[in-house]
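Here's the letter readout for the chains.
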Amino acid sequence: MYRTHTCGELRKEHSGKIITLAGWVQGVRDLGNLIFIDLRDRYGITQLFFDKSSPLAESAKQLGREYVIQVTGTIRERSSKNAQLETGDIEMLVGQLTVLNESKTPPFTIEDETDGGDDLRMKYRYLDLRRGINNKNLLHRHRVAQAVREYMDGQGFADVETPFLIKSTPEGARDFVVPSRLNQGQFYALPQSPQTFKQLLMVAGFDKYYQITRCFRDEDLRADRQPEFTQIDCEMAFVEQEDVLQMFEGMVKHVFKKVRGIELEDFPRMSYADCLKYYGNDKPDLRFGMKLIDVKEVVSGKNFKVFDDAEAVIAIVAEGCCDYTRKQTDELTEWVKRPQIGAGGLVFIKCGVDGSYKSSVDKFYSADDLKKIAEHCKAKAGDLILILSGVLIKTRKAAGELRLEMGARLGLRKVEDYKPLWVLDFPLLEWDEEDKRFNAMHHPFTSWKKEDNELINTNPGAVRANAYDVVINGVELSSGSIRIHNRAQQEKMFSLLGLTDEEAQYKFGFILNAFEYGAPPHGGIAFGFDRFCSIVISNLDYIRDFIAFPKNNSGRDMMLDAPSDIDARLKKELGL
Ligand code: ASP
């Protein structure tokens, strides 16, 4: 037996017991008369003790970092306890020491605060994963998955696997493709999601399906994106939107309760249109107010051309910020002018605690005018009003970004707060200016609101979809929709997207055909699982920390050095 216990479980009660541990040498502290070793495994760290008189003292001194050792000894209470460590009350007086394997000096320190850069740690990911912080994240991920499975199973969902080698499923991204050896010149695509398969499972009568599965999208990468990522993919038959919302609000609540002990309140619901109007984007962070305020009417007609000529003039109120210095306001102005935000400038109104009003455009606005604007914005004495203007869509977006930035600067985006909501009533289509045609906003299998049936022929851009997102703290956690389940409607959708009948049949014949064999009404949703873990555990949107072997920002696996060239013979066999 390699060990009787783990390095994380020994406490005062074990004093006097003879115990065997196995693990990695985190560090050796040689104090001359005494030698201490921190022994680490997945469960924690236990202090090993050798005194100079011990016959093992010499061997202990020879141990290098990350050596794998086995030790047997007596547990005793420490004279100086370490409250930071769960095993900090005890140590092992070592009687036997076996080196199970040696280790080269690791290229970076295996501690929560490490000296290793990103690429180096990715190259030695197996060492990086030894660090407690990473180790814990993956174990948390496991716990989230367990909580999801528990809920889904309890609700009668069946876990069904779907294939990875498929024909392209359009979800708006580029496909990864796999050349076929047996069908030369032809390619499989890796699924961007199991969308069409889960719909076919509904046609097959499965009724409630889910899967925690990998999806592949060949997109440009960002910190919160990976070319392969995991979804909790779900579908239900004989449901309306309300049924899906209830079911999956329940799932999110269950996971938070189970994993973090947090009871989430019922999710508020907001239309896509209101999200844009009040928050400037379709994933509002509701941890704080500071809503966008349309001030076009109150600011117009004062000969300030910038506002008079603008399609939109939008304000936010930063509470208690009226004493911002010139330096601070200049810096904010520079911030909104950055290309990522793209505003032309920023106007300030300071609502003094003494009841005075001052602005950066005093030339055009009297104190009385400013007071009116402040009243319209419900700004109080001591507040600072920030105003942006320009084209509506761009200005909303910029104001939304500024709101988030001010929220962060004022400490309003608290890590302990969770504010989920449902975003509803998305548009069905979005206009692609470059290609001069519509794209599906969610995906082409999403149905539209019955009330908008007329519009589909007259003004398709205004049609609302039966689509919904869960958003938490400004992060989109999931997307879903009630699907089209009849052939004529699906064909109509494809034609709106600019596909000819032949193209639709060639690409999607399988699902169009299936719709002719008794397809039930159905709908579903998919959660970004990596992101879900990151939000539940750390309240950050940084998925790489929750993936065992992630790719870097250029889509490379630094450890495997992939992608890479392949064997010439294999290439030939594949006809490449
Ligand atoms: N397949 C969709 C996606 O990946 C989710 C869904 O509609 O269920 O976003």
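Above this text sits the structure in question.
Residues numbered from 1 in each chain as written. Predicted model: local features only at pLDDT ≥ 70, side-chain atom pairs only at ≥ 80, totals over all residues. Heavy atoms only, no water.

Student: Whenever I open this one, the pattern of salt bridges confuses me. Can you help?
Tutor: Pairing between side chains of opposite charge can happen when the charged atoms of each approach one another. Evaluated as defined, the whole model comprises 47 salt bridges. Measuring nitrogen to oxygen at the nearest pair gives 2.7 Å for the salt bridge that ties Arg-483 to Glu-235. Of this pair, Arg-483 sits in the loop between β21 (475-482) and α14 (487-496) while Glu-235 is found in strand β10 (residues 228-237), placing the two residues 248 residues apart along the sequence. Residue classification places Arg-483 among the buried residues on the basis of a relative accessible area of 2%. Among the residues examined, Glu-235 registers a relative accessible area of 0% and is labelled buried. Residues Glu-451 and Arg-464 are paired through a salt bridge, measuring 3.7 Å at the closest nitrogen-oxygen approach. Placement of the pair is Glu-451 in the loop between β19 (437-440) and α13 (455-458) and Arg-464 in the loop between α13 and β20 (467-472), with a sequence separation of 13 residues. In this structure, a network of salt bridges that share partners links the residues Asp-118, Arg-121, Arg-125, Asp-128, Arg-131 and Arg-544. (Salt bridge = Lys/Arg side-chain N within 4 Å of Asp/Glu carboxyl O. Helix = DSSP H or I, 4+ residues; strand = E, 2+ residues; numbered from the N terminus. Buried < 20%, exposed > 50% of the residue type's maximum accessible area, 1.4 Å probe, protein only.)

Student: Got a minute to help me understand the site of the ligand in this structure?
Tutor: The environment of the ligand is made up of 13 residues, and the closest members are Gln-195, Lys-198, Gln-231, His-442 and Arg-483. Taking Lys-198, its side chain carries an N or O atom lying 2.6 Å from an oxygen atom of the ligand. Considered on its own, the ligand offers 270 Å² of accessible surface; in the complex 93% of this is hidden by protein. Among the elements of the structure, α5 (195-203), β21 and β22 (522-528) are those that each provide at least two residues to the shell around the ligand. (Near = heavy atom within 4 Å. Polar contact = N/O pair within 3.5 Å; in protein donor to acceptor, adjacent residues only side chain to side chain. Areas by Shrake-Rupley, 256 points an atom, 1.4 Å probe, with all protein chains shown as cover.)

Student: Looking at this model, I keep getting lost on α14. Mind explaining?
Tutor: An α-helix turns once per 3.6 residues; consequently, residues spaced three or four apart project the same way. Here α14 has its buried residues at Arg-487, Gln-490, Met-493, Phe-494 and Leu-496. Summarising the contacts, the buried residues of α14 are in contact with β18 (429-432), β19, α13 and α15 (501-514). A side-chain oxygen of the first residue of α14 lies 3.1 Å from the backbone nitrogen of Ala-488; this N-cap is Asn-486. (Contact = heavy atoms within 4.5 Å.)

Student: Looking at this structure, how should I read the pairing of strand β2 (residues 34-41)?
Tutor: Side chains on a regular strand alternate between the two faces of the sheet. Counting buried positions along β2 yields seven of eight residues, so the element is predominantly enclosed. In terms of strand pairing, strand β1 (residues 18-30) meets β2 through six bridges, oriented antiparallel. Considered in β2, the bridge of Gly-27 is made with Asp-38. Hairpin connection from β1 to β2: three residues lie between these consecutive antiparallel strands, with Gly-32 at a positive phi of about 90°. Inspection of the sheet shows β2 paired to strand β3 (residues 44-51) by eight bridges, in the antiparallel sense. In the sheet register, Asp-38 faces β3, and the bridge partner there is Gln-47. From the end of β2 to the start of β3, which pair antiparallel, there are two residues. (Pairing = 2+ DSSP bridges.)

Student: Just to check I follow, could you spell out the sheet that holds strand β4 (residues 68-77) for this structure?
Tutor: Hydrogen bonds along the backbone pair up the strands of a sheet, which may run parallel or antiparallel. Pairing in this closed barrel of five strands is mixed, and the strands run β1-β2-β3-β5-β4 around the ring. Between one strand axis and the next, the sheet turns through 55° on average, direction left out of account. (Axes fitted to C-alpha atoms, helices over the stretch in contact; angles between N-to-C directions.)

Student: Got a minute to help me understand the sheet that holds strand β12 (residues 293-294) in this structure?
Tutor: Here five strands make up an open sheet; going across it, the order is β12-β13-β16-β14-β15 and the pairing antiparallel. The open sheet has two edge strands, β12 and β15 (357-359), and neither has a second partner. As paired elements, strand β14 (residues 347-351) and strand β16 (residues 384-390) share four bridges and run antiparallel to each other. Looking at the pairing, Ile-349 lines up with Ile-385 of β16. The strands touched by helix α11 (residues 367-376) are β12, β14, β15 and β16; relative to β15, the strand with the most contacts, the crossing angle is about 95°.

Student: I tried to follow the packing of aromatic side chains on my own but got confused; where do I start?
Tutor: To describe a pair of aromatic rings, you give the distance between the ring centres and the angle between the ring planes. Tallying each qualifying case throughout the model produces 17 aromatic pairs. Taking the centre distance of 4.8 Å and the plane angle of 70° together, the rings of Phe-256 and Tyr-418 count as edge-to-face. Of this pair, Phe-256 sits in helix α6 (residues 241-260) while Tyr-418 sits in the loop between α12 (392-409) and β17 (420-424), and the two are 162 residues apart along the sequence. In this structure, Phe-256 and Tyr-418 share a single accessibility class: buried. Taking 6.1 Å as the distance between ring centres and 85° as the angle between the ring planes, the aromatic pair formed by Trp-422 and Tyr-468 counts as edge-to-face. Of this pair, Trp-422 sits in strand β17 while Tyr-468 is found in strand β20, placing the two residues 46 residues apart along the sequence. (Phe/Tyr/Trp six-rings, centres within 6.5 Å; stacked < 30°, edge-to-face > 60°.)

Student: Hey, could you run me through the nonpolar core in this one?
Tutor: One broad trend across soluble globular proteins is that nonpolar side chains are buried collectively. The biggest cluster of nonpolar side chains holds 43 residues, and the ones touching the most others in it are Phe-248, Met-251, Phe-256, Phe-527 and Phe-532. Among the elements that line this core, the one with the most residues is α6, at nine residues. If we ignore the near neighbours within four places in the chain, the residues touching Phe-532 are Ile-232, Met-251, Val-252, Val-255, Phe-256, Leu-477 and Phe-527. Within the second largest apolar cluster, 24 residues are counted, among which are Trp-335, Leu-346, Leu-384 and Leu-404. (Core = buried A, V, L, I, M, F, W, Y, C linked by side-chain atoms within 4.5 Å.)

Student: I'm lost on the environment of Gly-524 in this one. Help?
Tutor: Checked against the element boundaries, Gly-524 lands in strand β22. Measuring from C-alpha to C-alpha, the distance between Gly-524 and Ala-467 comes to 9.5 Å, with 57 residues separating the pair along the chain. If we skip the residues at most four places from it in the chain, Gly-524 touches Cys-234, Glu-235, Val-244, Tyr-468, Gly-480, Ser-481 and Arg-483.

Student: Explain a negative patch on the surface to me, please; I cannot follow it from the model alone.
Tutor: A contiguous patch of negative charge on the surface is contributed by Glu-111, Asp-112, Glu-113 and Asp-115. Mapped onto the elements, Asp-115 comes out in the loop between β5 (90-101) and α2 (118-123). On the basis of relative accessibility, which here comes to 57%, the residue Asp-115 falls in the exposed class. (Patch = residues over 30% accessible without salt bridge, like charges linked within 9 Å, V, L, I, M, F, W, Y side chains within 5 Å. Lys, Arg positive; Asp, Glu negative; His and termini not counted. Charge placed at Lys NZ, Arg CZ, Asp CG, Glu CD.)

Student: Would you take a moment to explain a nonpolar patch on the surface for this structure?
Tutor: Taken together, Val-177, Phe-187, Ile-566, Leu-570 and Leu-576 make up a surface patch of nonpolar side chains, about 460 Å² in accessible area. Relative to the assigned elements, Ile-566 resides in the loop between α16 (529-538) and α17 (568-574). Relative accessible area serves as the criterion here: at 37%, Ile-566 is assigned to the partly exposed category.

Student: Hey, could you run me through the side chain of Ser-359 in this one?
Tutor: For Ser-359, the location among the structural elements is in strand β15. You can call Ser-359 buried: its relative accessible area is 14%. A polar atom in the side chain of Ser-359 sits 2.9 Å from the backbone nitrogen of Val-361. In terms of polar contacts, Ser-359 uses its side chain to reach the side chain of Asp-362, at 2.8 Å. With near-sequence residues (within four places) excluded, Ser-359 lies in contact with Phe-348, Ile-349 and Leu-370.

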